[in-house]
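Listed below, chain by chain, are the residues.
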Amino acid sequence: MVMTTNKMRPKPTEDEAFALVNAATRISWHNETVPCPRCGKYLNYKQLGNSFVISCPDENCIEVGGRGI
Ligand SMILES: [Zn+2]
(Lines give C-alpha, C1' and ligand atoms only; values in the text may rest on other atoms or scores of the structure.)
Protein backbone atom coordinates (compact mmCIF):
# COMPACT_ATOMS: atom_id res chain seq x y z
CA MET A 1 0.00 0.00 0.00
CA VAL A 2 1.19 3.51 -0.80
CA MET A 3 0.49 6.02 1.93
CA THR A 4 -0.08 9.68 1.19
CA THR A 5 -0.48 12.69 3.45
CA ASN A 6 -2.23 15.99 2.93
CA LYS A 7 0.30 18.86 2.90
CA MET A 8 -2.35 21.29 4.15
CA ARG A 9 -2.55 19.36 7.40
CA PRO A 10 -0.08 18.53 10.18
CA LYS A 11 2.04 15.49 9.48
CA PRO A 12 0.96 12.44 11.46
CA THR A 13 3.56 10.53 13.44
CA GLU A 14 4.29 6.96 12.36
CA ASP A 15 2.06 5.66 15.17
CA GLU A 16 -0.78 8.00 14.21
CA ALA A 17 -0.51 7.09 10.53
CA PHE A 18 -0.65 3.42 11.47
CA ALA A 19 -3.68 4.06 13.69
CA LEU A 20 -5.46 5.90 10.87
CA VAL A 21 -4.88 3.11 8.35
CA ASN A 22 -6.07 0.62 10.95
CA ALA A 23 -9.15 2.79 11.57
CA ALA A 24 -9.86 2.92 7.83
CA THR A 25 -10.00 -0.88 7.79
CA ARG A 26 -12.26 -1.01 10.82
CA ILE A 27 -14.63 1.61 9.42
CA SER A 28 -14.82 0.16 5.91
CA TRP A 29 -15.13 -3.48 6.97
CA HIS A 30 -16.99 -3.28 10.26
CA ASN A 31 -18.70 0.11 10.04
CA GLU A 32 -17.17 1.12 13.37
CA THR A 33 -16.79 4.65 14.66
CA VAL A 34 -13.16 5.27 15.47
CA PRO A 35 -11.86 8.32 17.33
CA CYS A 36 -8.91 10.35 16.06
CA PRO A 37 -5.70 9.25 17.82
CA ARG A 38 -4.71 12.90 18.24
CA CYS A 39 -7.88 14.72 19.35
CA GLY A 40 -10.59 12.10 19.85
CA LYS A 41 -13.11 13.38 17.28
CA TYR A 42 -14.65 10.67 15.13
CA LEU A 43 -12.72 10.03 11.94
CA ASN A 44 -14.16 10.39 8.45
CA TYR A 45 -13.52 7.64 5.92
CA LYS A 46 -13.87 8.19 2.18
CA GLN A 47 -13.26 5.64 -0.54
CA LEU A 48 -12.55 6.46 -4.18
CA GLY A 49 -11.95 3.46 -6.41
CA ASN A 50 -9.00 1.58 -4.95
CA SER A 51 -7.80 4.48 -2.85
CA PHE A 52 -9.11 5.98 0.36
CA VAL A 53 -8.71 8.97 2.63
CA ILE A 54 -9.14 8.76 6.37
CA SER A 55 -9.25 12.13 8.05
CA CYS A 56 -10.07 13.91 11.26
CA PRO A 57 -13.11 16.22 10.93
CA ASP A 58 -10.91 18.95 12.39
CA GLU A 59 -9.18 20.60 9.41
CA ASN A 60 -6.14 21.39 11.54
CA CYS A 61 -5.69 17.78 12.52
CA ILE A 62 -4.29 14.72 10.78
CA GLU A 63 -5.25 12.90 7.59
CA VAL A 64 -3.82 9.90 5.74
CA GLY A 65 -4.61 8.52 2.32
CA GLY A 66 -3.84 5.12 0.91
CA ARG A 67 -3.77 3.41 -2.43
CA GLY A 68 -3.70 -0.18 -3.54
CA ILE A 69 -4.89 -2.27 -0.62
ZN1 LIG B 1 -8.02 14.85 15.19
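Residues numbered from 1 in each chain as written. Predicted model: local features only at pLDDT ≥ 70, side-chain atom pairs only at ≥ 80, totals over all residues.

Novice: I tried to follow the sheet that holds strand 4 (residues 63–67) on my own but got confused; where do I start?
Specialist: Strand pairing within a sheet occurs via backbone hydrogen bonds; the two strands may be parallel or antiparallel. What the 4 strands build is an open sheet, ordered 1-4-3-2; its pairing is antiparallel. Single-partner strands in this sheet number two, and they are strand 1 (2–5) and strand 2 (44–48). Strand after strand, the sheet turns through a mean of 20 degrees between neighbouring axes, direction not considered. Summarising the sheet, strand 2 and strand 3 (residues 51–55) pair through 5 bridges and their orientation is antiparallel. In the sheet register, Asn44 faces strand 3, and the bridge partner there is Ser55. Running at roughly 65 degrees to strand 4, helix 1 (residues 14–30) makes contact with strand 1, strand 2, strand 3 and strand 4 of the sheet. (Pairing = 2+ DSSP bridges. Helix = DSSP H or I, 4+ residues; strand = E, 2+ residues; numbered from the N terminus. Axes fitted to C-alpha atoms, helices over the stretch in contact; angles between N-to-C directions. Contact = placed C-beta atoms within 7 Å.)

Novice: Explanation requested: unusual backbone geometry in the structure shown.
Specialist: Peptide bonds are trans in most cases, and residues, glycine excluded, mostly fall at negative phi. Phi at Asn31 takes a positive value of approximately 60 degrees, unusual for a residue other than glycine. Mapped onto the fold, Asn31 is located in the loop between helix 1 and strand 2. Note on Asn31: 8 C-beta atoms within 10 Å, which makes it exposed. (Buried ≥ 20, exposed ≤ 12 C-beta atoms within 10 Å, placed from the backbone.)

Novice: In this structure, what is going on with the nonpolar core? I would like to understand it.
Specialist: For soluble globular proteins, nonpolar side chains are generally found buried alongside one another. One finds Leu20, Ala23, Ala24, Leu43, Tyr45 and Ile54 to be the most contacted residues of the largest nonpolar core, which totals 13 residues. Residue assignment for this core shows that the elements contributing at least two residues are helix 1 and strand 3. Counting residues per element, this core draws most heavily on helix 1, at 5 residues. In this structure Leu43 touches Ala23, Val34, Cys36, Ile54, Ser55 and Cys56, once residues within four positions along its chain are discounted. (Core = buried A, V, L, I, M, F, W, Y, C linked by C-beta atoms within 7 Å.)

Novice: Would you take a moment to explain the pairing of strand 4 for this structure?
Specialist: The side chains of a regular strand alternate, residue by residue, between the two faces of the sheet. Sheet topology places strand 1 next to strand 4; 4 bridges connect them, and they run antiparallel. Paired with Val2 across the bridge in strand 4 is Arg67. Taken together, the 5 bridges between strand 3 and strand 4 define a ladder with antiparallel strand orientation. Its bridge partner being in strand 4, Ile54 is matched across the sheet by Val64.

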